[in-house]
Structures are given as C-alpha cells and as structure tokens.
Amino acid sequence: MIAPLNAPAPALEQLWSEFAIPLRAFLRGRVRSPADAEDLLQDVFLKVHQRIGDLRDAAKLEGWLYQIARNAVIDHYRRQRPAEPLTDDFAAGSGAVDIDDEIDLRPAIRRMLEALPVKYRDALILTEFRGQTQRETAAALGVSVTAVKSRVQRARALLRRMLDDCCRFEFDRRGRVIDAIPRDGGCEC
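Residues numbered from 1 in each chain as written. Predicted model: local features only at pLDDT ≥ 70, side-chain atom pairs only at ≥ 80, totals over all residues. Heavy atoms only, no water.

1. Structural notes on the overall build of the protein chain
Note the threshold: The way it works is that DSSP assigns letters per residue, a run of H or I at least four long becomes a helix, a run of E at least two long becomes a strand, and they are numbered from the N terminus. A 1.4 Å probe rolled over the protein chains alone gives each residue an accessible area, and that area as a share of the maximum for its type sets the label: buried under 20%, exposed over 50%, partly exposed in between. The contact rule is simple, with two residues in contact once any of their heavy atoms fall within 4.5 Å.
The helix and strand tally for the protein chain stands at eight helices and two strands. Reading the protein chain from its N terminus to its C terminus gives the helix and strand order α-α-α-α-α-α-α-α-β-β. Relative to its full complement of 189 residues, the protein chain shows a buried share of 29%. Put simply, 50% of the contacts in the protein chain that link residues at least 6 apart link residues at least 24 apart.

2. Here's the deal with the nonpolar core
Looking at soluble globular proteins, one finds that nonpolar side chains tend to be buried together. To keep things clear, this is the line we draw: Residues belong to one nonpolar core when they are buried, are Ala, Val, Leu, Ile, Met, Phe, Trp, Tyr or Cys, and are joined through side-chain atoms within 4.5 Å.
Leu-15, Leu-23, Leu-27, Val-48, Leu-61, Trp-64 and Leu-65 are the most contacted members of the largest nonpolar core, which has 22 residues in total. Where this core is concerned, the elements lending two or more residues are helix H1 (12-28), helix H2 (34-51) and helix H3 (61-79). A per-element tally of this core places H3 first, with eight residues. Listed in part, the 17 residues of the second largest apolar core include Leu-113, Tyr-120, Ala-138 and Val-152.

3. Here we look at the side chain of His-76
Within the fold, His-76 resides in helix H3. Here His-76 is in contact with Val-31, Asp-36 and Leu-40, once residues within four sequence places are set aside.

4. Points about the pairing of strand E2 (residues 177-182)
The test is simple: Note: two strands are recorded as paired if DSSP finds a minimum of 2 bridges between them.
Relative to E2, strand E1 (residues 167-171) is paired through five bridges, and the arrangement is antiparallel. Among the inter-strand pairings, Cys-167 is bridged to a residue of E2, identified as Pro-182.

5. Some remarks on the packing of aromatic side chains
Here is the rule we go by: For this analysis, a ring pair means two rings from Phe, Tyr or Trp (six-membered ring only for Trp) whose centres lie within 6.5 Å, classed as stacked if their planes differ by under 30 degrees, edge-to-face if by over 60, and tilted for the remaining angles.
For the structure on display, the rule yields two aromatic pairs. Measuring from ring centre to ring centre gives 4.8 Å for Trp-16 and Phe-45, while their planes differ by 65°; the resulting arrangement is edge-to-face. Taken together, the residues Trp-16 in helix H1 and Phe-45 in helix H2 connect sequence positions 29 residues apart. Assessed through its relative accessible area of 32%, Trp-16 is described here as partly exposed. The interplanar angle of 85° and the centroid separation of 5.1 Å between the aromatic rings of Phe-26 and Tyr-66 together place this pair among those described as edge-to-face. With Phe-26 in helix H1 and Tyr-66 in helix H3, this pair connects stretches of sequence that are 40 residues apart.

6. Examining the pattern of salt bridges
Just so we agree on the cut-off: Any Lys or Arg side-chain nitrogen found within 4 Å of a carboxyl oxygen on Asp or Glu counts as a salt bridge.
By the definition in use, this model includes eight salt bridges. For Asp-75, the salt bridge is made with Arg-78, and the minimal N-O distance between the two is 4.0 Å. On the criterion of helical spacing, the pair formed by Asp-75 and Arg-78 is a turn pair, its members being three residues apart in helix H3. Judged by its relative accessible area of 56%, Arg-78 is exposed. The shortest N-O distance in the salt bridge between Glu-128 and Arg-156 comes to 2.3 Å. Of the two residues, Glu-128 is situated in helix H6 (residues 118-129) and Arg-156 in helix H8 (residues 145-166); the sequence distance between them amounts to 28 residues. When salt bridges with common partners are traced through the structure, they connect Arg-24, Arg-28 and Glu-38 into a single cluster.

Okay, structure coming up:
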C-alpha cells in the first residue's frame, strides 16, 4: 500500500516487503541473468535508502522506485564492456564492406517506383527523394497533409512488398544490404 500524500517517508523494511517482488520481476525481464537482477535489486534499494529524503511526494513513491530501477538497468548495460581487445585485423577494417561489393538497388527501385500508382508514387518521390515536407507536398498535390501521410505510408508498404517479392535480402549489423538473392520471379536486383 502506498503512503498517502504528505505522509512521512516509509521505512525501508516496509518498502522492501511491498516492492521487492515486483521490482525483482521488473529487473529480471530486463537483464540476462537472475544474479544480475538480484544485484541490481540490491543497488536499487541502496539508492532508495540513500535518497528517500529527496522524495517530495509520497504519492509518487512507486514511480520513483521504478525510475531508479530503470536507471540501474541502464547503468548496468553501460558498465558492460567487451572482455577482449579488438584484434589488429578487425581494428584495421578487414571486416568492412568494400565499396565494390555493395549492392546497387537503384535500378530495381526506379522500376518499382514507376510501377506504383501515380498518387502514391508522386507523394513518395516528393517527400523522400526531393526533400519536401509533407505540408509542401500536400500543397503541391492539392490534398490534405493527412492524405499525403497516408499515401507515403502506402507507397512505402507497396515498395517494400515489391522488394520482398523480388529478392531475399541479407543485412549487416547496421542494417545495410549486403546481399540480394533474386527469388524465382526473375527479378533483376
């Protein structure tokens, strides 16, 4: 039970009995091991003990506790570092993609853009490729901003579907296309 507004700060034992189980579950859902979750739970209650006097509104106690827990999880992941230094080969960039090896999807995308219905194609080209804002595009096309937003979303979805129907893509860890394997339709990716 949370203390009423303007009540004195609850005792740490009372907080532990009320919030330890839900906070433990919260932390276990956000870190890899139960042991890490237990360590973080102890850290959270240590910070609560140190800062309980800073709590101005006892009605916000639960939110304050969970904010401390979220910050503890963030700090936990920030402290983690790779255990081994990078090898000289990796540091020199041997794993980088050579510019000659990059996939050029521009011709396939141009063909697919031409295949889109005109109202979707125009909205997408003006906003994505010509750099117009959605308001400017709406004025140029004589439609509402909502209509432009809808058309751009539909154009993206149609283009994505066309790309997926055409090829199976492989991505690197940064989301860049590293390989495009044509599907049975004879696509020219």
